[in-house]
Amino acid sequence: MSSTVYDAIVIGAGSVGMPSAMALAEQGLKVLCLDAFASGGQGSNKCALGGIRATHSAPAKIRLCLDSLALFSSWEAAHGDSLEWYQGGYAFVAYRPEDERMLKELLVVQKAAGLNIGWLEPEALLRVAPGLLRDGLLGGTYSPEDGSASPMRSNLAFQRRAVALGVDFRFNERVTSIMRRKGKVVGVRTDKGGFATGCVINAAGAWARSVAQLGGLDAPVAPDCHEGGITEPVAPFLDPMVVDIRPAPGSANFYFYQHRPGQVIFCYTPSPAIVGSDRRETSAFLPQIARRMVELMPKLGNLKVRRTWRGLYPMTPDGSPIVGRSPELEGYIDAIGMCGQGYMLGPGVGALVARIATGAFRDGDDAILRELSPSRVFGGGEALG
Ligand SMILES: Cc1cc2nc3c(=O)[nH]c(=O)nc-3n(C[C@H](O)[C@H](O)[C@H](O)COP(=O)(O)OP(=O)(O)OC[C@H]3O[C@@H](n4cnc5c(N)ncnc54)[C@H](O)[C@@H]3O)c2cc1C
């Protein structure tokens, strides 16, 4: 057992664990962050496309992603490292009346939550996303303050700052048990040793359920498989992330954007969902998504695809994260179940984790914590996934 007693131990150095460790240290806490992989961001973080939007339907996700956007967009000026942040916006396109209706209805919630978002008629949308198929286009929502950045650059930048603030990192080290005494966390055991703490943060992503079980708890988080792909870099031609919510055989929605260095990065939501933790890419994904992308924006047919990959979404039954203290084990905090938005939620959730750990809450936190509570009834779902 190490002689250092940590104020907080973060399990997982991914999209959520890394900014959580940083935010906890910013509050003056002595923090240890442990990850089973050889370096930060090697779980689902490195599989994310890099899309960052506050355009959601659930108020808590909107609030947390607005916090994340503030951090991503100001990071380079504040800390010097480039995250390849680009404020290109998000465009949800509508080709079916039911999609137009749903997106317009959501605008009411989104505007009430303070989002800069509006409806664009077809010609205006084509100016924002030139090359979209004009035939049948009914318009779409456009949120210019959303954007994108590099998940691996972000993870490394957050780690650098965390180290500068005194966070200890231990990689290649798996947590094997959360130690408890009289209903309280007292430390963690790993495959290499043990560490004392009164506060553990579960930020174990797709593996969150098994980590909760290490403390005698449970969490309704199950991994499901999603593939992404990337093209060669080309000259800038597209600003926003384009999201098409129409279903097609094999997939629900699909989306793509041009990353700041020039590559087009793309992904779809498999339908039906592929539940499980198999991270091997398939031969079905590329032909299906390529067809959809070229139909929506024919000029994409000129691009060469460099590679595809498969990663895991840490899914919850209602599509919203689980963040908050456990009612059963004092000193245990969940920051899990980020579904398809863990990269964009990471900094906002990390800052919230630090406020939970220190008790220094902000106006509006109670509503967010109610919505994301580990003990909520899991019904309903997120309209925009
Ligand atoms: C194809 C694809 C595209 C995506 N695109 C986007 C996007 O554009 N924008 C977006 O916001 N999100 C996107 N996502 C989702 C995003 O990747 C995830 O929601 C996010 O990475 C989850 O973050 P996390 O910190 O919860 O998990 P992770 O980043 O996976 O981190 C969890 C960490 O916990 C560690 N761990 C687990 N168990 C233990 C243990 N026992 N001991 C020690 N360490 C442990 C793991 O090693 C891992 O590093 C995408 C995902 C995929 C697959």
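Another aspect to go through is the overall build of the protein. Looking only at helices and strands, the protein has nine helices and 20 strands in total. Relative to its length of 385 residues, the protein is compact, with a C-alpha radius of gyration of 21 Å against a globular reference of 21 Å. Taking the principal axes of its C-alpha atoms as reference, the protein extends roughly 65 × 40 × 40 Å. Taking all 385 residues of the protein together, 56% fall into the buried category. Within the protein, residue pairs in contact and separated by at least 24 positions form 72% of the contacts whose partners lie at least 6 positions apart. With an accessible surface of roughly 15500 Å², the protein has 52% of that area assigned to carbon and sulfur atoms. Positive and negative charge centroids in the protein, built from 39 and 37 side chains respectively, lie 4 Å apart.

Further remarks concern the packing of helix α1 (residues 17–26) against helix α5 (residues 151–164). At a minimum axis distance of 9 Å, the contact between α1 and α5 shows a crossing angle of 25 degrees. Classed by the angle they form, the pair α1 and α5 counts as roughly parallel. Classified by chirality, the crossing of α5 by α1 is left-handed. Facing M18, P19, M22 and E26 of α1, the residues of α5 in contact are N155, F158, Q159, R161 and A162. Of the residues belonging to the contact of α1 with α5, the class tally is five nonpolar, two polar and two charged.

For the ligand, the set of nearby residues contains 41 residues, the closest of which are S15, D35, S44, C339 and M344. Between G50 and the ligand, the recorded distance is 3.3 Å, taken from a backbone N or O atom to an oxygen atom. Coverage of the ligand by the protein amounts to 98% of the 1000 Å² it exposes when considered alone. Where the shell around the ligand is concerned, the elements lending two or more residues are β14 (222–233), β18 (305–315) and α8 (342–358). Counting residues per element, the shell around the ligand draws most heavily on β18, at five residues. Here the residues of the shell around the ligand sort into 22 nonpolar, 15 polar and four charged.

Attention now moves to the packing of helix α2 (residues 59–79) against α8. It is the contact of α2 with α8, at a shortest axis distance of 7 Å, that shows an interaxial angle of 100 degrees. Here α2 lies roughly perpendicular to α8, going by the angle between them. Of α8, the residues touching α2 (which contributes K61, L64, C65, D67, S68, L71 and F72) are Y343, M344, L345, G346, P347, G348, V349, L352 and R355. Of the residues that constitute the contact of α2 with α8, the class distribution is ten nonpolar, three polar and three charged.

This part is about unusual backbone geometry. At the junction of S271 and P272, the peptide bond is cis and its omega measures out at 0 degrees in the coordinates. On the secondary structure map, P272 appears in the loop between β17 (263–270) and α7 (285–296). Non-glycine residue N172 carries a positive phi angle of around 55 degrees. Among the secondary structure elements, N172 is positioned in the loop between β9 (168–170) and β10 (175–181). In this structure N172 comes out as partly exposed when scored by relative accessible area, which is 43%. The phi torsion at C339 lies on the positive side, around 55 degrees, for a residue other than glycine. Following the sequence through the fold, C339 ends up in the loop between β20 (332–336) and α8.

Before going further, it helps to spend a moment on the pattern of salt bridges. Within the structure shown, the criterion is met by 16 salt bridges. Of the charged contacts, one joins R161 and E26 as a salt bridge, the two residues approaching to 2.9 Å between their closest N and O atoms. With a gap of 135 residues between them, R161 in helix α5 and E26 in helix α1 connect regions that are remote in the sequence. Overall, R161 belongs to the partly exposed group, its relative accessible area being 26%. According to the relative accessible area criterion, E26 is partly exposed, its value standing at 36%.

Turning our eyes to something else, we now look at the side chain of D146. Locating D146 in the fold gives a position in the loop between β7 (139–143) and β8 (147–148). Of the side chains bearing the opposite charge, R53 lies closest to the buried D146, which forms no salt bridge; the N-O distance is 6.4 Å. At 2.9 Å, the side chain of D146 forms a polar contact with the backbone nitrogen of A54. Beyond its immediate chain neighbours, meaning those up to four positions away, D146 contacts I52, R53, A54, T55, L69, W85, Y86, Q87, G88, G89 and Y90.

Attention now moves to the environment of P298. Within the secondary structure layout, P298 lies in the loop between α7 and β18. Here P298 falls in the partly exposed class, since its relative accessible area comes to 45%. Put simply, P298 and L133 are 165 residues apart on the chain and 7.3 Å apart in space, counted from C-alpha to C-alpha.

The next thing to look at is the nonpolar core. Counting 68 residues, the largest nonpolar core has V10, L24, I52, V167, I201 and V349 as the members making the most contacts within it. Sorting elements by how many residues they give to this core places α8 first, with eight residues. Among residues more than four places away in sequence, those in contact with V349 are V16, L64, V323, A335 and M338. With 25 residues, the next largest nonpolar core counts L137, Y142, I289 and M297 among its residues.

Conventions and cut-offs
- Residues numbered from 1 in each chain as written.
- Predicted model: local features only at pLDDT ≥ 70, side-chain atom pairs only at ≥ 80, totals over all residues.
- Heavy atoms only, no water.
- Helix = DSSP H or I, 4+ residues; strand = E, 2+ residues; numbered from the N terminus.
- Rg over C-alpha atoms; globule rule 2.2 N^0.38 Å.
- Buried < 20%, exposed > 50% of the residue type's maximum accessible area, 1.4 Å probe, protein only.
- Contact = heavy atoms within 4.5 Å.
- Areas by Shrake-Rupley, 256 points an atom, 1.4 Å probe, with all protein chains shown as cover.
- Lys, Arg positive; Asp, Glu negative; His and termini not counted.
- Charge placed at Lys NZ, Arg CZ, Asp CG, Glu CD.
- Axes fitted to C-alpha atoms, helices over the stretch in contact; angles between N-to-C directions.
- Parallel < 35°, antiparallel > 145°, perpendicular 65-115°, else oblique.
- Left-handed = near helix turned anticlockwise from the far one by under 90°.
- Nonpolar A, V, L, I, M, F, W, Y, C, P; charged D, E, K, R; others polar.
- Near = heavy atom within 4 Å.
- Polar contact = N/O pair within 3.5 Å; in protein donor to acceptor, adjacent residues only side chain to side chain.
- Salt bridge = Lys/Arg side-chain N within 4 Å of Asp/Glu carboxyl O.
- Core = buried A, V, L, I, M, F, W, Y, C linked by side-chain atoms within 4.5 Å.

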